[in-house]
Amino acid sequence: ERIAALEIAGEVRLIDPAEVSSGWRTAHVVVALGNPPVDAAAARRANEVCLKALRRGLALLAADVPRNRDASSSGRGCLWFEGNHARDLGARMAFLARHPDFRDALARTGRAHLLETRNLAVIGRAYDEAYRYAVGRKKSAGSGPGLSVLHPAENCA
C-alpha cells in the first residue's frame with residue numbers, strides 16, 4: 001500500500017525467497033529490515049544481507065538497529081530508516097528510487113568502505129594486535145613462556 005501511495009510501484013520488486021539468488025544480480029537497492037536475529041550468535045554479528053549488499057556494490061537501505069549498524073557503523077554506503085516504521089521506510093525508498101545518482105554514489109561508497117575496513121590486511125592487523133595483547137598479559141602474569149604470535153605472510157603460494 002505504501003509503495004502504491006508513493007507512486008514507486010514500478011521501481012520496487014519484492015523478491016520471493018526462492019528468487020533471492022537471481023535478485024542479487026538485478027537489484028539496485030537492498031532493504032535490510034530490523035528483523036530479530038534467529039539466535040544469540042546471529043545477534044552478535046553483522047547482518048549478512050547488509051555485508052553482501054555492500055560487497056556487491058549495491059545501495060543499502062537498512063533499519064537502524066545494532067545488527068545492521070555493525071555492517072557500517074559510520075553509515076558509509078547505507079541509508080538508515082527508523083526501525084521497521086513503514087512511513088520512514090517508504091519515504092527513503094522513494095528518495096532512492098527518484099535519485100539514481102545518489103543511489104549509485106551510496107553503492108560505491110559502501111563497497112569502498114567494506115574493502116577498506118574488512119580486507120585481509122585489516123583483519124590480520126586486528127588479530128595481530130589481539131595476539132600481542134594476549135602474549136603481553138601472559139608474560140606479565142609470569143606463568144611460563146608466552147604464546148607464539150603469527151604474522152600474515154607477505155607472499156603465499
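Look a little higher up for the structure.
Below or above, wherever it landed, is the structure these notes cover. Not measured: the values here are computed from a predicted model.

With that settled, consider the overall build of the protein. The secondary structure content of the protein amounts to eight helices and three strands. Secondary structure elements of the protein occur, N-terminal to C-terminal, as α-α-β-α-α-β-α-β-α-α-α. A total of 157 residues make up the protein; the buried ones form 27% of that total. Taking as baseline every contact in the protein between residues at least 6 positions apart, the subset at least 24 positions apart corresponds to 56%.

Bringing the packing of helix α4 (residues 48-55) against helix α7 (residues 100-117) into the picture now. Running from N to C, α4 and α7 cross one another at 105°; their axes reach a closest spacing of 7 Å. As judged from the angle between their axes, α4 and α7 are roughly perpendicular. Contact with α4, carried on its side by Leu51, Leu54 and Arg55, involves Gly110, Arg111 and Leu114 of α7 and no other residues of that element. For the contact of α4 with α7, the class distribution of residues is three nonpolar, one polar and two charged.

Locating Ser72 in the fold gives a position in the loop between α5 (66-69) and β3 (78-81). When its relative accessible area of 1% is taken as the criterion, Ser72 is described as buried. For Ser72, the side chain forms a polar contact with the main-chain oxygen of Arg76, separated by 2.8 Å. Apart from the residues lying within four places of it in its own chain, the contact partners of Ser72 are Leu54, Cys78, Trp80 and His113.

Moving on: the pairing of strand β2 (residues 59-63). Burial within β2 is extensive, with five of its five residues counted as buried. Neither face of β2 is exposed, since Ala59, Leu61 and Ala63 on one face and Leu60 and Ala62 on the opposite face are all buried. Pairing geometry for β2 and β3, over four bridges, is parallel. Note that in β3 the partner of Ala62 across the bridge is Trp80.

With the rule as written, the count across this model stands at four salt bridges. In this structure, Arg69 engages Asp64 in a salt bridge whose closest nitrogen and oxygen atoms are separated by 2.8 Å. Classification of Arg69 by relative accessible area gives partly exposed; the value is 25%. In this structure Asp64 comes out as partly exposed when scored by relative accessible area, which is 40%. Close ionic contact of Asp88 with Arg92 constitutes a salt bridge, the shortest N to O distance being 2.8 Å. Of this pair, Asp88 and Arg92 both sit in helix α6 (residues 86-98), separated by four residues, roughly a single helical turn. A relative accessible area of 18% places Asp88 in the buried class. Of the residues examined, Arg92 reaches a relative accessible area of 29% and is grouped as partly exposed.

Okay, the side chain of Arg103 next. By the element assignment, Arg103 lies in helix α7. Among buried Asp, Glu, Lys and Arg side chains, Arg103 stands out as unpaired, with Asp104 the closest opposite charge at 4.3 Å. Dropping the residues within four chain positions of it, Arg103 is found in contact with His28, Val29, Ala59, Leu96 and Ala97.

Bringing the packing of aromatic side chains into the picture now. Tallied over the entire structure, the rule returns two aromatic pairs. Seen from their ring centres, Phe95 and Phe102 are 5.2 Å apart, and the 70° between their planes marks the pair as edge-to-face. Phe95 gets classed as partly exposed once you look at its relative accessible area, which sits at 35%. Accessibility expressed as a relative area gives 36% for Phe102, which makes it partly exposed.

Analysis parameters
- Residues numbered from 1 in each chain as written.
- Predicted model: local features only at pLDDT ≥ 70, side-chain atom pairs only at ≥ 80, totals over all residues.
- Heavy atoms only, no water.
- Helix = DSSP H or I, 4+ residues; strand = E, 2+ residues; numbered from the N terminus.
- Buried < 20%, exposed > 50% of the residue type's maximum accessible area, 1.4 Å probe, protein only.
- Contact = heavy atoms within 4.5 Å.
- Axes fitted to C-alpha atoms, helices over the stretch in contact; angles between N-to-C directions.
- Parallel < 35°, antiparallel > 145°, perpendicular 65-115°, else oblique.
- Nonpolar A, V, L, I, M, F, W, Y, C, P; charged D, E, K, R; others polar.
- Polar contact = N/O pair within 3.5 Å; in protein donor to acceptor, adjacent residues only side chain to side chain.
- Pairing = 2+ DSSP bridges.
- Salt bridge = Lys/Arg side-chain N within 4 Å of Asp/Glu carboxyl O.
- Lys, Arg positive; Asp, Glu negative; His and termini not counted.
- Phe/Tyr/Trp six-rings, centres within 6.5 Å; stacked < 30°, edge-to-face > 60°.

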